[in-house]
Amino acid sequence: HVQTILGFMPGISRENQLSKKYLQMEDYGIVSISEVVNISTISDSAPIVMVLPDYTGSRRLVEGIFEEVITNHYRPILFQGRGQGGNKLTTAKLLNYGDPSDLREVIQYLKYTYPNVIISVVGIGSGADLLMSYCGEYGSSSYLQSAVCISSTFDSETVYSEKIPKFYEILYLSYFKSVISRYFKTFSRILDMRHVLKTWSVNQFTEQFYCKLSGVTNTEEFWEDNSPLRDVDEISTPVLCINSLDDPMCSNDVIPFDLFTSSHYMFLLTTDYGGHAGFVDGPFSKSWIAKSTIEYLKTLLEF
């Protein structure tokens, strides 16, 4: 739990100035990408490493990955979806880790902006689930050279319905409610928002919010369409999954170990300690898993 909480907090590191660019999606929704400015060591042909953070930010891990990416002269980019990182909502739709359509448009934009540049993506927590959904849904046409999923939940229905401790459940629901409350009128046109804001379990919130926005009748149908592993057999990108065996949200009995012995593209690294998207040595240290993450991407780039 200490590792997990520390992972939410920023570390003490050099400040990288970010330039945020807002992108309008096909349905007029708004997402953003942020790039580091004034880094002379990054060339136009440098490989891109895009980071998909957890809903709550995973700031310590994002900082560590950015520093490792810059050290290796790659181009780091931070992706933040609808309602995430202060992005305004122009549609009645939040970032949903089971719907990779926005991520697809962003990757296509990067391919257009940086033609012939190799793209790798690192997902953290819910960002890892989004990345896994993307790799499965788009298969061999993902445009990605490699991917890393850190602290993925794999079986999201089981994790969020049965495994998640109440403290983290309240933390996540508080985050979502703070976002949708700012756009109460927008969502009120299609949802009973007062009822949604009274829910204090992920299962109830999913049923009252995501199911109705998605047009499905129950949570079983929603998870069938949005599980990160729903198209796992279609993955054609080398994906490294990093999970701690003491993850308080995704316990080790949820990790599909059999998948990693049968798939040619899925690899698993487990650690004894690290919590959920934590992996820190102390209250002010960087996340040590960042170095392993970039070493994996670097090895595939060299290969």
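Owing to the predicted nature of the structure, the values given are computational and were not obtained by experimental measurement.

Analysis parameters
- Residues numbered from 1 in each chain as written.
- Predicted model: local features only at pLDDT ≥ 70, side-chain atom pairs only at ≥ 80, totals over all residues.
- Heavy atoms only, no water.
- Phe/Tyr/Trp six-rings, centres within 6.5 Å; stacked < 30°, edge-to-face > 60°.
- Helix = DSSP H or I, 4+ residues; strand = E, 2+ residues; numbered from the N terminus.
- Buried < 20%, exposed > 50% of the residue type's maximum accessible area, 1.4 Å probe, protein only.
- Lys NZ or Arg CZ within 6 Å of the ring centre and 35° of its normal.
- Core = buried A, V, L, I, M, F, W, Y, C linked by side-chain atoms within 4.5 Å.
- Domains from an automatic or database assignment.
- Contact = heavy atoms within 4.5 Å.
- Salt bridge = Lys/Arg side-chain N within 4 Å of Asp/Glu carboxyl O.
- Pairing = 2+ DSSP bridges.
- Axes fitted to C-alpha atoms, helices over the stretch in contact; angles between N-to-C directions.
- Patch = residues over 30% accessible without salt bridge, like charges linked within 9 Å, V, L, I, M, F, W, Y side chains within 5 Å.
- Areas by Shrake-Rupley, 256 points an atom, 1.4 Å probe, with all protein chains shown as cover.
- Lys, Arg positive; Asp, Glu negative; His and termini not counted.
- Charge placed at Lys NZ, Arg CZ, Asp CG, Glu CD.
- Expected span 1.5 Å × (residues − 1).

Some thoughts on the packing of aromatic side chains
Step number 1: Throughout the structure, instances matching the rule amount to 17 aromatic pairs.
Step number 2: Each ring, one from Y55 and one from F176, has its centre 4.7 Å from the other, and the planes form 70 degrees; the classification is edge-to-face. Here Y55, found in the loop between β3 (48-52) and α2 (59-71), pairs with F176, found in helix α6 (residues 166-181); they are 121 residues apart in sequence, far enough to count as distant. The burial state of Y55 is the same as that of F176; both residues are buried.
Step number 3: Between the aromatic rings of F167 and Y168, the centroid separation amounts to 5.2 Å while the plane-to-plane angle is 75 degrees, which identifies the pairing as edge-to-face.
Step number 4: On the basis of relative accessibility, which here comes to 1%, the residue Y168 falls in the buried class.
Step number 5: An aromatic cluster is present here, built from Y55, Y160, Y172, Y175, F176, F187, F205, F209, Y210, F222 and W223 joined pairwise through their rings.
Step number 6: Lying over the aromatic face of W200, K177 brings its terminal NZ or CZ to 3.2 Å of the ring centre.

A short note on the nonpolar core
Step number 1: Counting residues in each nonpolar core, the largest one holds 66 residues, and the members touching the most others are M50, F79, L94, V106, F187, F209 and M266.
Step number 2: The element that contributes the greatest number of residues to this core is α6, accounting for seven residues.
Step number 3: Mapped onto the domain boundaries, this core takes at least three residues apiece from domain 1 (1-155 + 231-302) and domain 2 (156-226).
Step number 4: Setting aside residues up to four positions removed in sequence, F79 forms contacts with V31, S32, I33, M50, V51, L52, P53, Q84, L95, V106 and L130.
Step number 5: I65, Y74, V122 and L297 belong to the second largest nonpolar core, which has 24 residues in total.

Details of unusual backbone geometry
Step number 1: For Y28, which is not glycine, the phi dihedral falls at a positive 75 degrees.
Step number 2: Secondary-structure assignment places Y28 in the loop between β1 (18-24) and β2 (30-36).
Step number 3: The exposed category is assigned to Y28, whose relative accessible area is 57%.
Step number 4: With phi around 55 degrees, A277 is a residue other than glycine that occupies positive phi space.
Step number 5: Relative to the elements of secondary structure, A277 occurs in the loop between β8 (266-271) and α12 (289-302).
Step number 6: The class of A277 is buried, set by a relative accessible area of 2%.

Remarks on the pattern of salt bridges
Step number 1: Throughout the structure, instances matching the rule amount to eight salt bridges.
Step number 2: Taking the shortest distance from any N to any O, the salt bridge between R230 and D231 comes out at 3.8 Å.
Step number 3: Each member of the salt-bridge network shares a partner with another, and the members are D27, R82 and D102.

Description of the sheet that holds β2
Step number 1: If you walk across this open sheet you meet the eight strands as β1-β2-β4-β3-β5-β6-β7-β8, and the pairing is mixed. Lying at the two open borders of the sheet, with one neighbouring strand each, are β1 and β8. Taken over all neighbouring pairs, the strand axes of this sheet differ in orientation by 20 degrees on average, direction set aside.
Step number 2: Against the sheet, α2 makes contact with β1, β2, β3, β4 (75-80), β5 (119-124) and β6 (146-150), and its axis sits at roughly 155 degrees relative to β4, the strand it touches most.
Step number 3: Contacts between α12 and the sheet are confined to β3, β5, β6, β7 (239-244) and β8, with β6 contributing the most and set at about 160 degrees to the helix.

A look at a negative patch on the surface
Step number 1: On the surface, a cluster of negative charge is made up of D155, E157, E162, E207 and E220.
Step number 2: You can see E220 is positioned in helix α10 (residues 219-226).

Notes on α2
Step number 1: For α2, with 13 residues, the first-to-last C-alpha span of 18 Å sits near the 18 Å given by 1.5 Å per residue.
Step number 2: Here α2 lies mainly inside the structure; 10 of its 13 residues are buried.
Step number 3: Regarding α2, the residues found buried are R60, L61, V62, G64, I65, F66, E67, E68, V69 and I70.
Step number 4: Among the residues trailing α2, H73 stands out with phi positive, at a value near 65 degrees.

Considering the environment of S285
Step number 1: Residue placement: S285 occurs in the loop between β8 and α12.
Step number 2: Between the alpha carbons of S285 and G64 there is a distance of 9.4 Å; along the sequence they are 221 residues apart.

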